Amino acid sequence: MFKSLQLLGAMIIIPLAGFFALFGGQEEERESFVYAEMQSLETLDPAMMTGVAEGRVAQAVFEGLTTYHPETLAPLPGMATSWDVSEDELTYTFHLRNDQVWTCRGYDPANGSAEGFPAGTGDPVVAGDFIFALERVLDPETASQYSYMLYAIKNAINYNTMKMEIEFAEVHRSGSEAVISKADLLAKFPPGGDVDAGDENALREFLKKKATNLPGDALLKADPASNESAAEENSAEEATAEEIAPAAVFDPISWDEHGNLHIRLADDKSLAVKFLKLGLDAPDDYTLVIHLDAVTPYFLDITSFSTWLPVNKKCVDTYGDKWAIVNNIVTNGSYLLAEDFFQNKMVLKRNELYWDKEHVRSESIGVRIIEGESTQVNLYCAGEIDWLNSLPQAQVPVFIAAGRDTAYAGATRPSKDDVPETPEFRNPLDPGLDTNPNYEGFMRTPYLGTYYYRFNVTRRPFATNHENSKEIGRLLRIAFCHAIDKKMLCEDILKGGQIPADTYVPSGMPGYTRPAGIGVEFNTAKARQYLKEARDLGFRDDEMPVLNILYNTSEGHRQIAAFIQDQIKQNLGFDVELQNQEWRVYLDSTQKLDYDLCRAGWIGDYTDPNTFLDMFVTDGGNNNTGWSNELYDKFILTYARDPRRSLADESLRAQLIADCQSQGIDVREIVEDYLAQPTAQKVAQIRMKVFESAETLLMHDVPILPLYFYVSMNTIAYGTHGITGNIRNIVPLKWVWVDRSLYP
Amino acid sequence: MMLFILKRIGWLFVSLFIVITICFFVMKIVPGDPFSSEKAPSEEVKAQLMKKYGQDLSWPEQYVRYLGGVVVGDLGPSIKYKGNDVTTIIADTLPVSAALGLIALVIALIFGLIAGIVSGVRQNTFWDYSLMSAAIMGISIPSFVIAMALIAIFVFWWPLLPIAGWGSISQLIMPALALGLPYAAYVARMTRVGMIEIIRQDFIRTARAKGLAEKSVVMKHALKHALLPVVSFLGPATAGILTGSLVVEKIFAIPGIGTMFVNSATNRDYFVVLGTLIVYSTLLIVFNLIVDVLYTFLDPRVQMEKTNA
């Protein structure tokens, strides 16, 4: 009887009851400061992260040697209270504070020991933690995508890329065996050093621990007799040891009667470099010495970067791949990771054991994962989030029109007229922070990023392989550059205050002046002139294929591509087709140079022209145009990479002056000045001149078509401090807080 | 009966095997890889990453290795969300989508059945016309429009509900409505058609003739039969609704498996894509099986043993 109805009733009631039992009406408490990210953070492991969102949280939960000033991005003391730079600028000595411990959520030393908390909790933060973290990033097995941020460290590139041959040129190969002569060994591992070449056992142990590409790696490390310390360090491998019969353990490292070292290799590739000593030293627990390969003017800028954050060895060793999840993570920064709900929300709580906790004004921070941009805007309007770091393009004009003070003042937000001036924010560490304006509403500021199109210079018509003249490809590229009205693009299409770009390095780059007259501004007369020159050299219009513009699927990119298409047709008379590809396919196509013109964007990793210009060196990983120029490579890889050495060597110095001259940049005077009185400042000036020359050359050859410089768009709730819209839009969460006393 | 269920479960594994095989190789053929990014990693780093995730092996080797993992319940790691296994990701996101889906399903059934019964019994009346017009709208208006309309009404116009998010019951109402209403519309139309057909049958006439109350005739005799098409629709619909909707999850910022699935495909997060596909296929097959079993209760004419004979 009524079977169907009963069944139906059960189908309705059971899930409902279950649901209410699960969620029993819990309402969330709002965090002191809430902002939104588009996607869940990939990881909080500083070695593995690549994104801006990840870096932001990582720099709140971890603290590196230095931290970013929220407005100028200059290095502020972090774990290092101070630092010394050697005269040759190749050695940095960081003096670390001795009052910071590794901690985790719920840990309070007042309540007893760190037992029951993740491994490493309660330990002091010492120089060794930095060395461990940096070595880990550079360890090829870690496969850190941002390891290049550490390449300033001595030997880092070789260590990271396993280019053994460079340092161990003396390794002789015979079959699958590498032989290192005794003399070389002694030179490499001198007696009395950490590893003494005379002590066979010590050297054997060192090699087993440090070298890769030995056969049967696991077997070796598991050999308990000769490598007890390695086994202790890694209990997982110890387990493997038990599974392997002792007979299977063999030793690929041996010495012959002449004292030469023989190493059996797993395959015919080179022996890994881990012998190399990285330029990292810790004379004591609170001193970290870093040796550089070459002078790096932006070095103190990158020491604030997330790849440079310290991690706790005990924690990483204990939990392996899963050390950075909420249950295991051990950190040293201004905030603790309190909760992490995948794809939903992350909660940070102020670290009460943080050395500078009196400046951490927000008790908690909520990071909400809101994938829809419109949903983010809705939540901002409803007063549920305090900061938006992007806007849907369609909303930009609306927000601009609404202005700074009144933009989307939702029901819970007071307007500026209703409340008294906000109290001043004093930061004894750096009085400069006082000047942080208390922004509210919508704020646009220049951003260190360029949106541009790449020309494929390996393919007709932009290639240099035209049978009539090599110049044709270049002339056509310049003609295209001059044919695009970038101002119109910014004002009528983008409407977000983007800055039209006639050159590549963004205009806001501090210390860098763009050489006058090198830009490819919008000028149809010039465009036609260059086209005519190309025709004079033998280019025929009928060889112009229907070009295709490749972009990754997105409404914004489509609009820009359509504009470019229209401009080219109108101003040069050529037909262009649009082609969109899904993101990963697009990346694949651009890397394989399978396009005519494609969109690209580049955001600076640090505040220095190098982060923009070094990508166009021959075969640069992000070049993707096929463009290659010997002189350009020389500017970037020789002169700019090591200006001191370039200036010290007489012939190199003469070349530098001549090469800059060839680009219309006169450096004779500064160089003479420098020779008379060498200062670091003058080196920096000369280096900037080298970059100017490089960019002049780049804009002469134009493998790219610059379109506009980015702006960052922050929408900030009333009473929010610490979000300043700096040149990289970095927001150090430590300094961010919302003055709730202003709210009714 | 038992034999039938066992046989179907056997087929479940065969189907899963086929799904995994096809999807595995389709994923591999699609251009692009999970390690590419606008800032391209160096060759060495990329090689190490490939090695770490077993992508350096040949396809057949990877395939065998993956299948081996699936058999023991290891769906592999997420390549994008480092340190997370696919199983933990599914365990985090599937219950969210399932909870939302259940509520949506309940809404679909309550609204759909009531509307369907009323308009079926009162065919060609004002009630029939207005309910069916509403149903047509429900079917033709996409759920994101319904979602936007709900937000406009219940957040900005009449501030009653939270705008988005997950964690409290009030945050559930709008997404569940947006997800459930289109299904309710389908259920209403099917129930109505079933009702109209059944109510003209002889046995209903008999029931009325013997003097049963109209309520009893409809609820006890007619509804059970009228529900048959609805039940067969519910099988795949339940699987679909439980595994989440990209659009609704995105608008209401719901941390469900629907967004996960789509994002993992665009990220080429191979193991997550395969893992979610396995979940979806399993649910689909299981719910179809449940529907078939339910049929024997609802319709005595259907007998499992005989269909297998």
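Residues numbered from 1 in each chain as written. Chains lettered and ligands numbered in written order. Predicted model: local features only at pLDDT ≥ 70, side-chain atom pairs only at ≥ 80, totals over all residues. Heavy atoms only, no water.

For the rest of this paragraph, the subject is the overall build of chain B. Per the secondary structure count, chain B includes 14 helices and 0 strands. Secondary structure elements of chain B, listed N to C terminal, follow the sequence α-α-α-α-α-α-α-α-α-α-α-α-α-α. Here the C-alpha coordinates of chain B stretch approximately 85 × 60 × 30 Å along the principal axes. With 309 residues in all, chain B has 51% of them scored as buried. If you take every contact in chain B between residues at least 6 apart in sequence, the share linking residues at least 24 apart comes to 74%. For chain B, the accessible area works out to roughly 13,900 Å², and carbon and sulfur atoms hold 71% of it. (Helix = DSSP H or I, 4+ residues; strand = E, 2+ residues; numbered from the N terminus. Buried < 20%, exposed > 50% of the residue type's maximum accessible area, 1.4 Å probe, protein only. Contact = heavy atoms within 4.5 Å. Areas by Shrake-Rupley, 256 points an atom, 1.4 Å probe, with all protein chains shown as cover.)

With that out of the way, let us pick up the sheet that holds strand β11 (residues 287-291) of chain A. Residues and elements named next belong to chain A. If you trace the 4 strands from one edge of the open sheet to the other, you get β4-β5-β11-β10, paired in antiparallel fashion. Each end of this open sheet is capped by a strand with a single partner; those strands are β4 (80-85) and β10 (280-284). If you compare each strand with its neighbour and ignore which way they point, the axes differ by 20° on average. By the bridge criterion, 3 bridges tie β10 to β11 in an arrangement that is antiparallel. Residue Asp 281 lies in a different strand from β11, and its bridge partner there is Val 289. Strands in contact with helix α3 (residues 127-138) are β5 (91-96), β10 and β11; relative to β10, the strand with the most contacts, it is inclined by about 165°. (Pairing = 2+ DSSP bridges. Axes fitted to C-alpha atoms, helices over the stretch in contact; angles between N-to-C directions.)

Another point: the environment of Ala534(A). All names here are of chain A. Here Ala 534 is to be found in helix α17 (residues 524-536). You can call Ala 534 buried: its relative accessible area is 0%. The spacing of Ala 534 and Gln 663 is 129 residues in sequence and 22 Å in space, taken between C-alpha atoms. Apart from residues no more than four positions distant in its own chain, Ala 534 is found in contact with Ile 472, Leu 475, Leu 476 and Phe 539.

Another aspect to go through is unusual backbone geometry. All names here are of chain A. In this structure, Pro 461 follows Arg 460 across a cis peptide bond, with omega equal to 10°. Even without being glycine, Asn 624 reaches a positive phi, approximately 55°. By the secondary structure assignment, Asn 624 is in the loop between α20 (610-613) and α21 (630-640). Take Asn 624: its relative accessible area is 10%, and that puts it in the buried class.

Along an α-helix, residues three or four apart share an orientation, since each turn contains 3.6 residues. All names here are of chain A. With 12 residues, α3 ought to run about 16 Å at 1.5 Å a step, and its terminal C-alpha atoms sit 17 Å apart, in line with that. Looking at α3, one finds that the buried residues are Ala 127, Asp 129, Phe 130, Ile 131, Phe 132, Ala 133, Leu 134, Arg 136, Val 137 and Leu 138. If you follow the buried residues of α3, they end up packed against β5, α4 (156-161), β10, β11 and α12 (313-319). (Expected span 1.5 Å × (residues − 1).)

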